[in-house]
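What follows is the residue order along each chain.
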Amino acid sequence: MPRSEALDRGMRLTALAADIRAEWRSGNRARLARVVIALLVVFAAATFVGSIMTGAADASLSNVVRWLLGANDADQVLSVRDRIIILDIRLPRAVLGMLVGASLAVSGVVMQGLFRNPLADPGLVGVSSGASLGAVLLIVLGSAVFGPLFALFGFYALPVAAFIGGLITTLLLYRIATRGGQTSVATLLLAGIALGALTGAFTGVLIFMADDKQLRDVTFWGLGSLAGANWTKIAAAAPIILLSLAVTPFLSRGLNAITLGEAAAFHMGIPVQRMKNIAIVSVAAATGASVAVSGGIGFVGIVVPHLLRLVIGPDHRYLVPASALLGGTLLILADMIARTIASPAELPIGIVTAFIGAPFFLWILLRGRTNMGL
Amino acid sequence: MIKVSNLSVRLGGRQVIHGISLEAAPGALTAIVGPNGCGKTTTLKAISGELTPEGGSVSINGRNLMGLKPWELALKRGVLPQSTVISFPFTVREVVRLGLTAGATSDAKADDRVAADALEAVDLGGFAGRFYQELSGGEQQRVQLARVLCQISDPVADGEPRYLLLDEPVSSLDIRHQLTIMQLARRFCERGGGVIAVMHDLNLTAMFADRMIMMKAGKIRASGAPRDVLTDETMEAVFGCRMQVSAMPAAGVPFVLPQTATL
């Protein structure tokens, strides 16, 4: 019986694969995209669990699960040390990795859709630098200048400062690079370099003014890391990230339409200006919150959407959720590399993503020179 | 009926349209012609709602454009722009189905059929699985037209005529496809819809248009049936070159050959 069941399932899978191939040939990638998303969910779950089980200390996950389920012999199966390692170190780290990775990848997708170009990425065009500047301003000038901000936002002050920095940069960038609904990509990238340099210079001034403790805090931003993950940081960043992720599915149709140009999107019934405003604010919020909790982690926003477009195509209804899943998963994997490769020491994760992402980025350039709109 | 009254448009501080009025009736193919930079495309953009006029008004089936939401407009008229560059790897099918953005039904089969029919209508039947970026300019133009036909598939909906606004729909097409597309526009009119097309080829316009509007320097210089508009006098007044307009003996359709010109 089980044998014929397995056979049956095998045949159904073969039929599904044949259907998908036939649909792909007629330009229909919707079902392929749904299958890919389902696989990504499994991949993300496996990676999440894997990352909680991996590390220098040997803490058993099954014991944690038993402890959580309230096993009677709880205190024997799980030492206090294991409980702390898993629940207060590895779990928040995996959660933060998933959130930040998803937010970076989705910010990339939305920004690329908005600017109608696969090279637009918050990290690449200076939005992350703007967000960093906001965060560094807050760290260095601190409560002396931003006392009211602290009072108003509590531990949200840092993500909010980074959000404001990112928002100002995005708006400037949009103003400079887009005229009459057409975005000049060359202007976009060059303006991104200029804005990056400018915010970098401001950050430099602040570092110059900083004392030793602030300097350590600030240096952390440049490298990017999930090492400081804890539940407080998650509480500060998660609402902002989740809110901006929750908005993006509603932008999908508009982002699809706007790939034909802002005028064409309007012709097809999209309220373009409103959609752009929502997109810009959500990119700035997601980028700001990510930068605030994990510093500058580059290339996720450009590598993940690009890889997925090769497989499932640019339809944002599928690209957005797929990017969120793959972004989160890849960042957790990069973090696993970062904390095991030089164990017990730890590499900043920004270094890992740059080592993987930068060559990949060059490969994109080599491969698709004519399709970049440059 | 699309009604433009006393429309003025200012672009970058310069007045480009000077109080023009025109009507495009359902059932008729209205063509706008004129020299480069005379305001044809600007007029079409104002009619589509893409540009806000400085003065005057545009109404579609009796409703002022200003009072309509983008998605309401999208169900009344489709717009074909001059050229469309896409920097993402969409397949032809995906581009055409973008036309369903405002009017997708819950019936996936019906939507599929509308998209397939639209591709068939522009003679791109087997192209659904090709990548848009890999097509030639003329093929891309026809895919865009299919996308517009997917948006406005029926010439009449809810008892109201619908409209196609086409900006140089045949500019990069070979002669056979020029005829295919003009015939398609013509059939759309015969089935009760309306078409406004900005055109360059005067002979093709004379052959297919019911009404011809000739513009110069942001004003309308002549309008009416092609045989009344396309005359030696208007040719010289509008294009600044003396030409001899002839007519096909049978149908009385006027034509003009560049060989007759003296500059």
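These numbers come from a predicted model, not from an experiment. (Residues numbered from 1 in each chain as written. Chains lettered and ligands numbered in written order. Predicted model: local features only at pLDDT ≥ 70, side-chain atom pairs only at ≥ 80, totals over all residues.)

Asks: Lay out the overall build of chain B in plain terms, naming residues and giving numbers.
Replies: Check the secondary structure of chain B and you find nine helices and 14 strands. At 19 Å, chain B has a C-alpha radius of gyration in line with the 18 Å of a compact globule built from 263 residues. Projected onto the principal axes, the alpha-carbon positions of chain B cover approximately 55 × 40 × 35 Å. In chain B, which comprises 263 residues, the share counted as buried stands at 47%. Taking as baseline every contact in chain B between residues at least 6 positions apart, the subset at least 24 positions apart corresponds to 65%. (Helix = DSSP H or I, 4+ residues; strand = E, 2+ residues; numbered from the N terminus. Rg over C-alpha atoms; globule rule 2.2 N^0.38 Å. Buried ≥ 20, exposed ≤ 12 C-beta atoms within 10 Å, placed from the backbone. Contact = placed C-beta atoms within 7 Å.)

Asks: Any details on the sheet that holds strand E12 (residues 219–224) of chain B? Residues and values, ideally.
Replies: Residue and element names in this part refer to chain B. Pairing is mixed across the open sheet formed by six strands, whose spatial order is E6-E9-E10-E3-E11-E12. Taken across any chain shown, the strands that pair with only one partner, and hence form the sheet edges, are strand E6 (77–80) and E12. Looking at each pair of strands side by side, their axes are set apart by 15° on average, direction ignored. Bridge count between E6 and strand E9 (residues 163–167): four bridges; the pairing is parallel. Counterpart to Leu80 in the pairing with E9 is Leu166. (Pairing = 2+ DSSP bridges. Axes fitted to C-alpha atoms, helices over the stretch in contact; angles between N-to-C directions.)

Asks: Give a detailed account of the nonpolar core, specifying residues and quantitative values.
Replies: For soluble globular proteins, nonpolar side chains are generally found buried alongside one another. One finds Ala289 of chain A together with Ala146, Ala185, Val195 and Ile196 of chain B to be the most contacted residues of the largest nonpolar core, which totals 179 residues. Counting residues per element, this core draws most heavily on helix H5 (residues 80–114) of chain A, at 15 residues. Those residues within four positions of Ile196 of chain B in sequence are excluded, and the remaining contacts are Ile2, Ala24, Thr30, Ile32, Leu44, Ile47, Tyr163 and Leu165 of chain B. (Core = buried A, V, L, I, M, F, W, Y, C linked by C-beta atoms within 7 Å.)

Asks: Give a detailed account of the interface of chain B and chain A, specifying residues and quantitative values.
Replies: Counting residues at the interface gives 28 residues for chain B, matched by 28 residues for chain A. Those elements that place two or more of their residues in the side of chain B that touches chain A are helix H2 (70–74), E6 and helix H3 (92–97) of chain B. The leading source of residues in the side of chain B that touches chain A is H2 of chain B, at four residues.

Asks: Let's hear about the pairing of strand E4 (residues 55–60) of chain B: which residues, and what values?
Replies: All names here are of chain B. Where strand E1 (residues 2–11) meets E4, five bridges bridge the pair, whose relative direction is antiparallel. Residue pairing in the sheet places Ser5 in a bridge with Ser57 of E4. With two bridges joining them, E4 and strand E5 (residues 63–64) adopt antiparallel strand pairing. When the bridges of E5 are listed, Ile60 appears paired with Arg63.

Asks: An account of the environment of Leu308 of chain A is needed here, citing residue identities and associated values.
Replies: Residues and elements named next belong to chain A. The topology assignment puts Leu308 in helix H13 (residues 300–312). Separated by 304 residues in sequence, Leu308 and Ser4 have C-alpha atoms that sit 35 Å apart. Excluding residues that lie within four positions of it along the chain, Leu308 makes contacts with Leu319, Ala322, Ser323 and Leu326.

Asks: Quick rundown of the packing of helix H10 (residues 231–258) of chain A against helix H14 (residues 316–340) of chain A? Include the residues and the values.
Replies: Residue and element names in this part refer to chain A. Packing of H10 against H14 brings their axes to within 8 Å, and their N-to-C directions diverge by 145°. Where H10 crosses over H14, the handedness of that crossing is right-handed. Between H10, through Leu245, Thr248, Pro249, Ser252, Leu255 and Asn256, and H14, the contact on the second element is made entirely by His316, Arg317, Val320 and Ala324. Taken together, the residues of the contact of H10 with H14 sort by class into five nonpolar, four polar and one charged. (Left-handed = near helix turned anticlockwise from the far one by under 90°. Nonpolar A, V, L, I, M, F, W, Y, C, P; charged D, E, K, R; others polar.)

Asks: Can you lay out the sheet that holds strand E2 (residues 14–24) of chain B for me, pointing to particular residues and giving the numbers?
Replies: Residue and element names in this part refer to chain B. Ordered in space as E2-E1-E4-E5, the four strands form an open sheet in which the pairing is antiparallel. With one partner strand each, in any of the chains shown, E2 and E5 form the two edges of the open sheet. This element, helix H1 (residues 40–48), spans E1, E2 and E4 of the sheet and lies at about 120° to E1.

Asks: Would you mind going over the environment of Arg77 of chain B in detail, with residue names and values included?
Replies: All names here are of chain B. Residue position: Arg77 is located in strand E6. Along the backbone, Arg77 and Pro155 are 78 residues apart, and their C-alpha atoms lie at a distance of 9.5 Å. If near-sequence neighbours (up to four positions away) are discounted, Arg77 is found in contact with Ser48, Ile60, Ile152, Arg162, Tyr163 and Leu165.

Asks: If you had to explain H1 of chain B to someone new, which residues and values would you point to?
Replies: Residue and element names in this part refer to chain B. Burial of H1 is extensive: eight of the nine residues sit out of reach of the surface. Lys40, Thr42, Thr43, Leu44, Lys45, Ala46, Ile47 and Ser48 are the residues of H1 that are buried. Directly beyond the C-terminal end of H1, a positive phi value near 95° is found at Gly49.

Asks: So what about helix H12 (residues 272–294) of chain A? Which residues, and what values?
Replies: Residues and elements named next belong to chain A. Between the first and last C-alpha of H12 there are 32 Å, a value that for 23 residues agrees with the 33 Å anticipated at 1.5 Å per step. Of all 23 residues in H12, 18 are buried, a share of seventy percent or more. Directly after H12, the chain includes Gly295, whose backbone phi takes a positive value near 75°. (Expected span 1.5 Å × (residues − 1).)

Asks: Any details on the packing of H13 of chain A against helix H15 (residues 349–367) of chain A? Residues and values, ideally.
Replies: All names here are of chain A. At a closest axis distance of 9 Å, the pairing of H13 and H15 adopts a crossing angle of 55°. By the angle between their directions, the pair H13 and H15 is classed as oblique. As for how H13 packs across H15, the hand of that crossing is left-handed. Here H13 contributes Val300, Ile302, Val303 and His306 to the contact with H15, which in turn contributes Thr353, Gly357, Phe360, Phe361 and Ile364. Each residue belonging to the contact of H13 with H15 can be placed in one class, and the counts come to six nonpolar, three polar and no charged. (Parallel < 35°, antiparallel > 145°, perpendicular 65-115°, else oblique.)

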